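Single-letter residue listing:
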Amino acid sequence: MEDFDGKTAYAQYSSFAISPGVENGEEDGYRLFVSGFQNGGAGDSLTYSNGHKFSTFDRDQDTSYFGNCVEKHEGAFWHRSCTNVNINGVYMWGQSNPHSALEILVVLLCVGLQSLHGKQLPRDCAELYDMGSKQSGVYRIYPAGPVLPCYAYCDMDTDGGKWTVFQRRMDGTVNFYQGWNAYRAGFGHAMGEYWLGLEFIQLLTVNQTHELRVDLEDFEGNKVYAHYKSFAVSPGVVNAEPDGFKLFVDGFVNGGAGDAMKTHNKQKFTTFDKDNDPKWGNCAQKFEGGFWYGSCGDANLNGIYMWGQSHANSCRWYTWKKKNYSLKSITMMMRPAPSTSTEVREEATDFSAPFPL
């Protein structure tokens, strides 16, 4: 790419694909997958669009909650909400405008689905731990392989460590009353409050039994947990979305929290715009969250953060507080069950410390 002062730059990606392995790319939205960024001075604006569908003004497939990104920025692309790049935007001869596009000279597509430096990449925090990364923090993991990494907080301290955190609440800074696309892809920031994404959670548990641990804290400083020896989301299912990302939990061990997940076992995930629960009406709409609702269940961990207030729509765990108490902090995390623990794999790169985010 080149600006109007004659300065040129490029961004190169060692892996590029559109709906790989999908028989009907149009139904999949011609989804973008890029990884392996190499900086040629342009910086990495495309990774923000990674995993997202292509949008046009007459087909809105982005995940923005403020309308169609294409209509807003006048350019078709793999928009997220609404991304950091708009290279199909309006050509404006160097003017600064959110609708503008750079003068594009060359787009190099360097296709090659391979691990970083040809070595294995960690698919979860347990593998990172076994590779020598034993400090808790945010790391890049690869549940979907080298083409689609994601960031997760790894708890390397609690009960032997190796935990991949897939949900965390701590201060109410992130809105968890989100729609289906957001819960499927993930939202928030791994350093703070976030949801990893149903697709990543399912990929981690699809062929391997995991443990689940739910850590809870109230505003008086009391801490408890619930431990489940078996946890999976749509295990063995190739396409988990039609299956509703169904939850399976078993082997409850009480850490003072009680078993609030019992009523959610074998339930599909429900959001305000996709009702998969068996109850008449939509539990996600009723309790302003997204979860594996039964009818509607004792846990609403993705409910509204209400700073200790008692309300049915709060982020609550009924079997501990015996009322609709809004919890101060919540952590849902998983790791491979002892019988299926990962073996030590060849170190791919320097994973010894978390990312400085």
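It should be noted that the structure appears before, not after, this text.
Residues numbered from 1 in each chain as written. Predicted model: local features only at pLDDT ≥ 70, side-chain atom pairs only at ≥ 80, totals over all residues. Heavy atoms only, no water.

**Q** Can you tell me about the overall build of the protein chain, naming the residues and giving the values?
**A** Along its length, the protein chain carries six helices and 13 strands. Counting only contacts in the protein chain whose residues sit at least 6 apart along the sequence, the fraction spanning at least 24 positions is 54%. Here the protein chain has roughly 16700 Å² of accessible surface; of this, 49% comes from carbon and sulfur atoms. (Helix = DSSP H or I, 4+ residues; strand = E, 2+ residues; numbered from the N terminus. Contact = heavy atoms within 4.5 Å. Areas by Shrake-Rupley, 256 points an atom, 1.4 Å probe, with all protein chains shown as cover.)

**Q** Describe the pattern of salt bridges, listing the residues and the values that go with them.
**A** In the structure shown here, the tally under the stated rule is nine salt bridges. Between lysine 162 and aspartate 130 there is a salt bridge, and its shortest N-O distance comes to 3.0 Å. Here the residue lysine 162 occupies a position in the loop between β4 (150-155) and β5 (163-169), and aspartate 130 occupies one in helix α2 (residues 125-130), the gap between them amounting to 32 residues. As a salt-bridge pair, aspartate 218 and lysine 321 come within 2.8 Å of each other at their nearest N and O atoms. Of this pair, aspartate 218 sits in the loop between β8 (210-217) and β9 (223-233) while lysine 321 sits in helix α6 (residues 318-321); the two residues are 103 residues apart in sequence, bridging distant segments of the chain. When salt bridges with common partners are traced through the structure, they connect Asp159, Glu211 and Arg335 into a single cluster. (Salt bridge = Lys/Arg side-chain N within 4 Å of Asp/Glu carboxyl O.)

**Q** Tell me about unusual backbone geometry, residues and numbers included.
**A** The step from serine 295 to cysteine 296 runs through a cis peptide bond, and the omega angle for that step is -15°. Tracing the backbone through its elements, the reader meets cysteine 296 in the loop between α5 (283-287) and β11 (299-300). For tryptophan 307, which is not glycine, the phi dihedral falls at a positive 50°. Among the secondary structure elements, tryptophan 307 is positioned in the loop between β11 and β12 (316-317). Of the residues examined, tryptophan 307 reaches a relative accessible area of 53% and is grouped as exposed. (Buried < 20%, exposed > 50% of the residue type's maximum accessible area, 1.4 Å probe, protein only.)

**Q** Help me get a handle on the state of the cysteines, residues and values and all.
**A** What the rule picks out here adds up to two disulfides. Here cysteine 125 engages in a disulfide with cysteine 154; their sulfurs sit 2.0 Å apart. Here cysteine 125 and cysteine 154 share a disulfide; its torsion about the S-S bond, -70°, makes the bridge left-handed. Placement of the pair is cysteine 125 in helix α2 and cysteine 154 in strand β4, with a sequence separation of 29 residues. As far as the burial class goes, cysteine 125 and cysteine 154 line up, both buried. Between the sulfur atoms of cysteine 283 and its disulfide partner cysteine 296 the distance amounts to 1.9 Å. One disulfide, between cysteine 283 and cysteine 296, carries an S-S torsion of -80° and so falls in the left-handed class. Taken together, the residues cysteine 283 in helix α5 and cysteine 296 in the loop between α5 and β11 connect sequence positions 13 residues apart. Judged by its relative accessible area of 0%, cysteine 283 falls in the buried class. A relative accessible area of 6% means that cysteine 296 is categorised as buried. (Disulfide = S-S within 2.5 Å.)

**Q** Can you explain the pairing of β8? Please cite residues and give values.
**A** With eight of its eight residues buried, β8 lies for the most part within the structure. Where burial is concerned, the two faces of β8 agree: the one with His210, Leu212, Val214 and Leu216 and the one with Glu211, Arg213, Asp215 and Glu217 are both buried. Across seven bridges, the pairing between β8 and β9 is antiparallel. Following the sheet pairing, histidine 210 is matched in β9 by phenylalanine 231. (Pairing = 2+ DSSP bridges.)

**Q** Could you give an account of the nonpolar core, with specific residues and numbers?
**A** Ranked by size, the top nonpolar core spans 66 residues in total, and within it Trp195, Leu216, Met261, Trp317 and Met332 carry the most contacts. When near neighbours in sequence (up to four residues on either side) are disregarded, tryptophan 195 contacts Phe166, Gln167, Phe176, Ala182, Tyr183, Gly186, Phe187, Ile201, Phe269, Trp292 and Asn302. (Core = buried A, V, L, I, M, F, W, Y, C linked by side-chain atoms within 4.5 Å.)

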